[in-house]
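Remarks on the overall topology
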Amino acid sequence: MIDISASALAAQIFTGLVLGGIFVLLAIGLSLIFGLMTVVNFAHGSLYMLGAYFGFFLLGLTGSFWVALALAPLLVGVFGLLVERVLVRRLYGRSIDDPLLLTFGLSLVLVEAVKLVWGKVGLTLDPPRELGAAVNLGFMTFPVYRLFVIAVTALVLLVLWLFLERTNVGLVIRAGSRDPLMVRALGVDLGRIWLLVFGIGTGLAGLAGILAGPMRGVYAEMGVTIVIESFVVVVVGGMGSLVGAIVAGVLIGEVVSLTTFVAPQLAEIMVFVVMALVLLVRPSGLFGEAGLLE
Amino acid sequence: MDRRAFLGTATAGAAALALPAVLRAQSKDPVKIGFPLPLTGPFAALANDMQRGATLAMEQVNAKGGVLGRKLDVLFRDDQLKPAVGAQRTKELIENEKVQFVVGGLAAHVQMAINEQTKAAQVLYISVSQSDEISAKPDTSPLTFHEALNPTITGRAVGTWGVQNLGKKWWIVYADYAWGKQINAVFTDIVKKHAGTILGATPYPLGNPEFSAHLPRIQAAKPEVLLAVTPGADGVAFTKQAISFGMKKEMKILAPLHFLFYAKEGGADLFSDIYGGTSFYWEVQDTVPQAKRLVEAWTKRFGVPPDAYGLYGYSGIMEVARGVELARSTDSTAVASALRANPVYDHYKGKQWWRPCDNKSFQDMWIVKGVPQSKVRGEWGYYDVVSRIPANEELDRTCAEKGHA
């Protein structure tokens, strides 16, 4: 019995890692955008959904999952650039509620627009044949595609970290999120940086969408619940903190997975229990700076 | 004639002239049926099918001159799969649109909310999706009819078949809402009754697309039969994930209900070798002549064959029409009495009947099994028919058990 439990527990922890991977990709985008622009992007779930739909479209067009995987996040990123330039930019400097309401409205528009184009019934996005199998890990059989999702997430995080820590643009982004006024005073055009960051953030949401599509199915409302869970991740990790988003993403993924093991009905609630507990001890989240929201 | 008398006569005359016009206008007014259903959300494909069924029934009735010389008019409203929205739409249909009857609801919890409204307004309601409570006290009413199968009938029929044919050791994954819980309870009961064991049961929130956290635990328990109570789009996500974890090879997968449109959405290979029950599958037309007529008319009208829930919608509208003709009235109480007094009907798949004590419909059902893509017949031949389970009142609880004196 104990033997079974130990291997089952290991299996559960592993599954939680994949759940966490999707959360991390979404939360990083949210956190980047919030950290630099103090915009709470409620359309993030819809952009995630859009990533999956673009992926489906590109897969049909090119017949290659790999091309779709590369291009869909780019398309969503470009769409994000447009959103920033045309809509969100007008609201900088206003209350934090204004962009929140704008992006919330945008998320509703996107869901309905997708239904008009692709219909109300969900779509199927198949993983490429070479990733369709399952491997025996010793303690469990695990889908290769899910291992692939873990690998892609890790790779993207590495690239992002190198970009932010090792390039000049990354330096400006980090500086801009600390003290935008000073960065401007030094003659940096923060407008272009904002545009870029919004594009990266939304592109990551699109990537999470196309990665999640083959696991969970593609449908217009697929971003509705996950955006809430992603906000929880961001809040637990600390608004604007990238390390926080990663740690909290994995943490929430594991909490969901392990709670499911013990008491499946509590899995959804536990996400919010964790958030409440973390906020009681650290009101700005695990890695957040105090005062960012004021 | 003085002025007063003249005015009096003229008014009376005008009124007399106008009266037949009013009467004529009234009798020409359509008979309105309200139809709330979840056109958006995880049951959207089923709701679209249901809307087609109700539309076809309305068109067929109207093509034959309507009911009592009046046209049928079915008003569809999106209840978004939410009880509160279903209640609100139903209230609006009754109060603003003045519908005389309500048919619809495509989830156990939403139809209860609709039923509360129709009960309060004393409007006849034909429920067209699964629920045990809808035909049991205290929820039901003399004006509440239940056309669909219910969890008890489905569970006893499919469960008995499954435990006799697939294996004795079961695990149940079920959507944690009214229908899923009822199905879980009935299957648990019937499997134990046939000397089977339930190794475990896993509830999950309806509409949740992520099952991976549940799967390792189920695999470790090594059940012979995995019962997937994952309705609508959840079934596609669940099956996909179960297969990706290699579970289809390790155990037999059984679903209480199969849904043609989700088989199409997920692809034949996804659902191949998965067993399930259904109140209708279009290829039973090979053995049922009534079904052949309807499948042909339906396919001609919509370009796709009907599935089980579409036909519930079709039959629901047809029963309202039949009841109104029998009662020669659009009064809900009179129509309800007429249906109970003439309980037998046959709209598409053979004899069905209302049990007068609880207004529950009894009907045949089938066990089907998914075929792989290479064996799909034409565009829609996704299943093999494995077994027919004839209509039988003993599959449901008795009226006494349901609280009817």
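These figures come from a predicted structure and were not determined experimentally. (Residues numbered from 1 in each chain as written. Chains lettered and ligands numbered in written order. Predicted model: local features only at pLDDT ≥ 70, side-chain atom pairs only at ≥ 80, totals over all residues. Heavy atoms only, no water.)

1. Comments concerning the overall build of chain A
What counts is decided by this rule: Helix and strand definitions here come from DSSP, where helices need a minimum of 4 consecutive H or I residues and strands a minimum of 2 consecutive E residues; each element is numbered from the N-terminal end. Radius of gyration: over C-alpha atoms. The globule rule applied is 2.2 Å multiplied by the number of residues raised to the 0.38 power. A simple rule labels every residue: compare its accessible area, found with a 1.4 Å probe on the protein chains alone, to the largest value its type can have, and call it buried under 20%, exposed over 50%, or partly exposed in between. The contact criterion used is simple: two residues touch if any of their non-hydrogen atoms lie within 4.5 Å. Only four residue types enter the tally: Lys and Arg on the positive side, Asp and Glu on the negative side, with His and both chain ends excluded. Working definition for charges: the position is that of NZ of Lys, CZ of Arg, CG of Asp or CD of Glu.
Assigned secondary structure in chain A consists of 11 helices and 2 strands. Secondary structure elements in chain A, listed N-terminal to C-terminal, are α-α-α-α-β-β-α-α-α-α-α-α-α. The globule rule puts the C-alpha radius of gyration for 294 residues at 19 Å, and the 19 Å found for chain A is close to it. Along the first, second and third principal axes, the C-alpha set of chain A runs to 65 × 50 × 35 Å. Relative to its full complement of 294 residues, chain A shows a buried share of 51%. Residue pairs in contact within chain A that sit at least 24 positions apart in sequence constitute 77% of those at least 6 positions apart. Seen as two clouds, the 15 positive and the 16 negative side-chain charges of chain A have centres 8 Å apart.

2. As for the interface of chain B and chain A
Put simply, the rule reads: Accessible-area loss on putting two parts together, using a 1.4 Å probe and summing over both, is the definition of buried area adopted here. For salt bridges, the criterion is a side-chain nitrogen of Lys or Arg within 4 Å of an Asp or Glu carboxyl oxygen. Polar contact criterion, stated in full: a pair of N or O atoms within 3.5 Å, where within protein one must be able to donate a hydrogen and the other to accept it, and residues adjacent in sequence count only if both atoms are side-chain atoms.
The partner chain A presents 30 residues to the 30 residues of chain B that form the contact. Both faces combined, the contact of chain B with chain A buries some 2,400 Å², and carbon together with sulfur accounts for 57% of it. Across the chain B-chain A interface, the total number found is 2 salt bridges. Here Glu210 of chain B and Arg146 of chain A are joined by a salt bridge, their closest N and O atoms 3.1 Å apart. The interface formed by chain B and chain A contains 7 residue pairs in polar contact (both at pLDDT 80 or more). Breaking the side of chain B that touches chain A down by element, the ones donating at least two residues are helix H2 (44-63), strand S7 (197-204), helix H7 (215-221), helix H8 (233-244) and helix H10 (260-266) of chain B.

3. Description of the packing of aromatic side chains
Stated precisely, the cut-off is as follows: When the centres of two rings from Phe, Tyr and Trp lie within 6.5 Å, Trp using its six-membered ring, the rings pair. Their planes under 30 degrees apart give stacked, over 60 give edge-to-face, and anything left gives tilted. Charges are assigned to positions over rings by a cutoff of 6 Å between ring centre and Lys NZ or Arg CZ, combined with an angular limit of 35 degrees from the ring normal.
For the coordinates displayed, the defined rule picks out 27 aromatic pairs over all chains. When the ring of Tyr309 of chain B is compared with that of Tyr312 of chain B, the centres are 5.0 Å apart and the planes differ by 75°; the resulting orientation is edge-to-face. One end of the pair, Tyr309 of chain B, and the other, Tyr312 of chain B, are both in helix H13 (residues 308-327), 3 residues apart, so they sit about a helical turn from each other. Among the residues examined, Tyr309 of chain B registers a relative accessible area of 6% and is labelled buried. Each member of the aromatic cluster is reached from another via a ring pair, and the members are Phe65, Trp66, Tyr145 and Phe148 of chain A. The ring of Trp380 of chain B carries the charged tip of Lys264 of chain B above its face, separated from the ring centre by 4.6 Å. The ring of Phe362 of chain B has Lys360 of chain B sitting right over it, with the charged end atom 5.9 Å from the ring centre.

4. Some thoughts on the pairing of strand S10 (residues 275-278) of chain B
Residue and element names in this part refer to chain B. Put simply, the rule is: Only strands joined by at least two bridges in the DSSP assignment are considered to pair.
Of the two faces of S10, the one lined by Tyr275 and Gly277 and the one lined by Gly276 and Thr278 are each fully buried. Pairing geometry for strand S9 (residues 252-257) and S10, over 3 bridges, is parallel. Across the sheet, Leu257 pairs through a bridge with Gly277, a residue of S10. As judged from the 4 bridges shared by S10 and strand S14 (residues 365-370), these two strands associate in the antiparallel manner. Looking at the pairing, Thr278 lines up with Trp366 of S14.

5. What to know about the nonpolar core
Heads up, the condition is: Here, the term nonpolar core denotes a set of buried Ala, Val, Leu, Ile, Met, Phe, Trp, Tyr and Cys residues that are joined through side-chain atoms within 4.5 Å. An automatic or database domain assignment provides the domain bounds reported here.
Judged by nonpolar contacts, the single largest core of 218 residues is most densely connected at Ile22 and Leu211 of chain A together with Phe35 of chain B. Residue contributions to this core peak at 16 residues, all from helix H1 (residues 2-37) of chain A. Split by domain, the residues of this core number at least three in each of domain 1 (28-149 + 287-362) and domain 2 (152-278 + 365-395) of chain B. Filtering out sequence-adjacent residues up to four positions away, Phe35 of chain B remains in contact with Met50, Ala54, Val74, Leu75, Phe76, Arg77, Leu93, Val103, Gly104, Val128, Gly313 and Ile317 of chain B.

6. What to know about the layout of surface pockets
Just so we agree on the cut-off: Buried and open spaces are told apart on a 1 Å grid over the protein atoms alone, a cavity being a set of points where a 1.4 Å probe fits but cannot get out and a pocket being an open set with protein on both sides within 12 Å along at least five of seven lines. Residues with an atom within 4 Å of a point are the lining residues. Grid points are joined across faces, edges and corners, and a volume is the space filled by probe spheres set on the points.
Approximately 840 Å³ is the volume attributed to the second largest pocket. Asp126, Pro127 and Gly132 of chain A together with Ile243 and Leu270 of chain B are the residues nearest the centre of the second largest pocket, which is lined by 24 residues in total. For the lining of the second largest pocket, the secondary structure elements donating two or more residues are helix H5 (144-166) and helix H8 (190-216) of chain A together with H8, helix H9 (247-250) and helix H11 (268-271) of chain B. Residue contributions to the lining of the second largest pocket peak at 4 residues, all from H8 of chain B.

7. What about empty space enclosed by the protein?
Residue and element names in this part refer to chain B. Where we set the bar: Residue type decides the class: Asp, Glu, Lys and Arg count as charged, Ala, Val, Leu, Ile, Met, Phe, Trp, Tyr, Cys and Pro as nonpolar, and the leftover types, Gly among them, as polar.
The tally for this structure, following the rule as stated, stands at 4 cavities of 30 Å³ or more. Each pocket or cavity is described by its volume, and for the largest cavity that value is around 170 Å³. Around the largest cavity, the lining is made up of 20 residues, and of these Thr230, Gly235, Ala255, Leu257 and Phe271 lie nearest the centre. It is S9 that provides the largest number of residues to the lining of the largest cavity, a total of 5 residues. Residues that form the lining of the largest cavity fall into these classes: 15 nonpolar, 5 polar and no charged. Of the pockets and cavities examined, the second largest cavity occupies roughly 100 Å³. Phe43, Leu106, Tyr177, Trp179 and Tyr309 are, among the 13 residues lining the second largest cavity, the residues nearest its centre.

8. Some thoughts on the domain arrangement of chain B
Residue and element names in this part refer to chain B. When cut into domains, chain B gives domain 1 (28-149 + 287-362) and domain 2 (152-278 + 365-395). One C-alpha centre belongs to domain 1, the other to domain 2; they are set 27 Å apart. Taken together, the 27 residues of domain 1 in the interface contact 26 residues of domain 2. Buried surface at the junction of domain 1 and domain 2, both sides included, amounts to about 2,300 Å², of which 66% is carbon and sulfur. The interface formed by domain 1 and domain 2 holds 0 salt bridges in total.

9. What to know about helix H6 (residues 178-193) of chain B
All names here are of chain B. To keep things clear, this is the line we draw: Helix span, expected: 1.5 Å multiplied by one less than the number of residues in the helix.
Between its first and last C-alpha atoms H6 spans 23 Å; for 16 residues at 1.5 Å apiece the expected length is 22 Å, and the two agree. For H6, the complete set of buried residues consists of Trp179, Gly180, Gln182, Ile183, Asn184, Val186, Phe187, Thr188, Ile190 and Val191. Turning to H6, the residues buried within the fold contact helix H4 (108-121), helix H5 (151-165), strand S6 (169-175), S7, strand S8 (225-229) and S9. Looking one or two residues past H6, Ala195 carries a phi angle of roughly 65°, positive in sign.

10. Details of the pattern of salt bridges
Tallied over the full model, the rule gives 27 salt bridges over all chains. Among the salt bridges present, the one from Asp98 of chain A reaches Arg94 of chain A, with a minimum N-O distance of 3.0 Å. Owing to a relative accessible area of 23%, Asp98 of chain A belongs among the partly exposed residues under this scheme. Notably, a salt bridge pairs Arg322 of chain B with Glu319 of chain B, separated by 2.7 Å at the nearest N-O pair. Taken together, the residues Arg322 of chain B and Glu319 of chain B, both in helix H13 and 3 residues apart, mark about one turn of the helix. Here the residues in one salt-bridge network are Arg355, Asp358, Asp396 and Lys402 of chain B, joined through shared partners.

11. Considerations on the packing of H2 of chain B against H13 of chain B
All names here are of chain B. Put simply, the test is: Here, axes are lines fitted to C-alpha atoms. For helices the fit covers the stretch in contact, and angles between N-to-C directions go from 0 to 180 degrees. Left-handed is the label given to a crossing in which the near helix is rotated counterclockwise from the far helix by less than a right angle, and right-handed is the label when the rotation is clockwise.
As a packed pair, H2 and H13 sit with axes 7 Å apart at the nearest point and diverge in direction by 30°. H2 and H13 meet at a crossing whose hand is right-handed. Contacts between H2 and H13 involve Leu46, Asp49, Met50, Gly53, Ala54, Leu56, Ala57, Met58, Gln60 and Val61 from the former and Ala308, Tyr309, Gly310, Tyr312, Gly313, Tyr314, Ile317, Met318 and Ala321 from the latter. When grouped by side-chain class, the residues that make up the contact of H2 with H13 number 14 nonpolar, 4 polar and 1 charged.

12. Focus: the sheet that holds S7 of chain B
Residue and element names in this part refer to chain B. Judged by pairing direction, the sheet is mixed, and its 7 strands sit side by side in the order S7-S6-S8-S9-S10-S14-S15 without closing on themselves. The open sheet has two edge strands, S7 and strand S15 (383-389), and neither has a second partner. Strand after strand, the sheet turns through a mean of 20° between neighbouring axes, direction not considered. Summarising the sheet, S6 and S8 pair through 5 bridges and their orientation is parallel.

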